[in-house]
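Reading the structure
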Amino acid sequence: MPTSEPDRVAGRRAARFAVIDPATGETFDEAPDQQPDELDAVVGRAHRAWHRWRADPAARTTALRVAADAVETAGDDLARLLTREQGKPLAESYAEIARTVARLRYFADLAPRTRRITDGRPVHSEIRWRSLGPVAAIVPWNFPLQLAAAKFAPALAAGNTVVLKPSPLTPLATRLLCSLLATALPEDVLTVVTGSGPLGARLASHPGIRHVTFTGSAPTGRAVAEAAAASLARVTLELGGNDAAVLLDDVEVDRIADRLFWAAFRNCGQVCMAVKRVYAPARLHAEVVEALAQRAKTVVVGAGLDPETQLGPVNNAPQLTRVERIAKQALADGARAAAGGHRLDGPGYFFAPTILTDVPPGSPVVTEEQFGPVLPVLPYRSLDEAVDAANGTGFGLGGSVWGTDLDRAEAVADRLECGTAWINHHAELSLAQPFAGVKTSGVGVAGGPWGLYGNLRPFVVHRPQEP
Ligand code: NAD
């Protein structure tokens, strides 16, 4: 592994931990189980590499473009490995790799702008932008490659070096990705560390780290912010969501049902900005439930490597248990499963795609982030009631409004308390847009030029104006 040397530590072979294929529930490979005390050396090397890397923006652009080509060329191996450890259908793995490559290319070509400021005094100020130093990137298991790239591409383009920690549930595709990137990047500019223990906590609090950029759950995000407070490193947190889709009374259910279904069930519902609650006008509620249930009953569920599969397994056993607990609680609270509602027999972490109706609004499937293939459909009587309910959780990542009159839909979308609101679709993101959650969904801004500046600090030079 050229990006780090985790396989051999101080002359001894490092311990390894098991990586499980969620389609079988069986171990299929292992990854190095690095320990927190190894991070001093890793961060030290990242710091030394930073002095060279930050000095030459043109070389960075070239290296990142070459790196993107290297990843694209190895797409087949990477896609199969990603599917094996994450569970997603192969086509979704290819799409994730394409988005990874796109992020590298987008940020390779993005540079900060030097600006002059004049304020009437005989002095002018110039704002230049400086990199920060080693950046810690900590990512979850649902989109291991694309979320890693969303962090390291802007950080590297800005002139920082990066220590990347994937989830212990999905370390292998990230290791392969980083070995491909290492063919184009100088040594120690991007280092991947893997471990089953408290590696992330130590990385977030390490005194040599100048920015901690984290994607994951809100509770872990809080722990990361507390850990980073030790060294007062900058913190960017992209956290969970509980996005609502509000259907208006002029919606054409047949026309939107496929899009709405996949907005909730893509990646087996394990998407931070999946549709996690649907609010339908009472008059259309039964029709919406039926349209979604019919799709949930017929979608092909199976191992991601099977080309027929449309929906893979849940990624891991604890998450499967959580999804089952939330669904069972809803049923105990009085909900009815119009489709699914249970685990699937056989090996692997499969849960039947589930549409729930008659769900009490206080049930955890409405108030918490289920992060799995379970979707509640709730009726509403007035639009104010629907908007209040959509805004009524502690989350604020995304939301969407579905209807025929686009102006009216946009007026409703404008009332959603979240970072991004869509009309007639959900979770379509542009590389050039800012990505920021409100409330417990995040701190700081990623994406587009904002993502680049989030990895830079302003440096201001004042000088007298020429006479
Ligand atoms: P998680 O919070 O359990 O773990 C995320 C990462 O943090 C992993 O690499 C994990 O090993 C590491 N970690 C765990 N404890 C840590 C600690 N104390 N200090 C530092 N790092 C630590 O999240 P998960 O279960 O892997 O992912 C699912 C969550 O991620 C969901 O809530 C989902 O909504 C969220 N998510 C958010 C976005 C977004 O952009 N807003 C995108 C994808 C996923």
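Residues numbered from 1 in each chain as written. Predicted model: local features only at pLDDT ≥ 70, side-chain atom pairs only at ≥ 80, totals over all residues. Heavy atoms only, no water.

**Quick look at the sheet that holds strand β6 (residues 123-131)**
The following threshold applies: Two strands qualify as a pair provided that DSSP identifies no fewer than 2 bridges between them. Numbering of helices and strands runs from the N terminus; a helix is a DSSP stretch of H or I covering at least four residues, while a strand is a stretch of E covering at least two. An axis is simply a line fitted to the C-alpha atoms; with a helix, the fit covers only the stretch in contact. Between two such axes, the angle follows the N-to-C directions and lies from 0 to 180 degrees.
If you walk across this open sheet you meet the 3 strands as β5-β6-β20, and the pairing is antiparallel. At either end of the open sheet lies a strand with only one pairing partner, and these are β5 (115-118) and β20 (456-464). Direction aside, the axes of adjacent strands within the sheet are offset by 30° on average. Bridge analysis of β5 against β6 gives 4 bridges, and the strand direction is antiparallel. Note on β6: the bridge partner recorded for Thr118 is His124.

**Considering the packing of aromatic side chains**
Formally: Any two rings among Phe, Tyr and Trp, with Trp reduced to its six-membered ring, count as a pair given centres within 6.5 Å; such a pair is stacked if its planes are under 30 degrees apart, edge-to-face if over 60, and tilted if neither. Burial classes: relative accessible area under 20% of the type maximum marks a residue as buried, over 50% as exposed, and values in between as partly exposed (1.4 Å probe, protein chains only).
A complete count under the given rule lists 5 aromatic pairs for this structure. With a centroid separation of 4.6 Å and an interplanar angle of 70°, the aromatic rings of Trp129 and Tyr453 are classed as edge-to-face. Remark: Tyr453 occurs in helix α15 (residues 448-453) and Trp129 occurs in strand β6; sequence separation between them is 324 residues. You can call Trp129 partly exposed: its relative accessible area is 26%. On the basis of relative accessibility, which here comes to 27%, the residue Tyr453 falls in the partly exposed class.

**What about the domain arrangement of the protein?**
Threshold: What fixes the domain bounds is an automatic or database domain assignment. Only heavy atoms matter for contacts: two residues are in contact if any of them lie within 4.5 Å across the pair. Once two parts are brought into contact, the accessible area they lose, counted with a 1.4 Å probe and summed over both, makes up the buried area. We count a salt bridge whenever a side-chain nitrogen from Lys or Arg sits within 4 Å of a carboxyl oxygen from Asp or Glu.
Domain parsing of the protein yields domain 1 (6-239 + 432-463) and domain 2 (243-423). On a C-alpha basis, the centroid separation for the pair domain 1 and domain 2 is 31 Å. In this complex, domain 1 contributes 30 residues to the contact, which on the side of domain 2 involves 33 residues. Summed over both partners, the interface of domain 1 with domain 2 comes to about 2500 Å²; 56% of that surface belongs to carbon and sulfur atoms. With a closest N to O distance of 3.5 Å, Lys439 and Glu417 form a salt bridge. Of all the elements in the fold, those that place two or more residues in the side of domain 1 that touches domain 2 are α3 (75-86) and α4 (90-108). Broken down by element, the residue count for the side of domain 1 that touches domain 2 peaks at 5 residues, all from α3.

**What about the site of the ligand?**
Heads up, the condition is: We call a residue near a molecule or strand whenever a single non-hydrogen atom of that residue lies within 4 Å of it. Polar contacts here mean pairs of N or O atoms no more than 3.5 Å apart (in protein, one a potential hydrogen donor and the other a potential acceptor; neighbouring residues in sequence count only if both atoms are side-chain atoms). What sets the accessible areas is the Shrake-Rupley method with a 1.4 Å probe; for residues, cover comes only from the shown protein chains.
Neighbouring residues of the ligand: 27 residues in total, closest Val139, Ser217, Thr220, Leu239 and Glu369. Here an oxygen atom of the ligand sits 2.5 Å away from a polar atom, N or O, in the side chain of Glu369. In isolation the ligand exposes 850 Å². Once the protein is present, 83% of that is buried. Among the elements of the structure, α7 (199-205), β10 (211-215) and α8 (218-229) are those that each provide at least two residues to the shell around the ligand.

**Digging into the environment of Arg105**
Within the secondary structure layout, Arg105 lies in helix α4. Expressed as a C-alpha distance, the spacing of Arg105 and Ala153, which sit 48 residues apart in the sequence, is 8.4 Å. Among residues more than four places away in sequence, those in contact with Arg105 are Ala68, Asp69 and Glu72.

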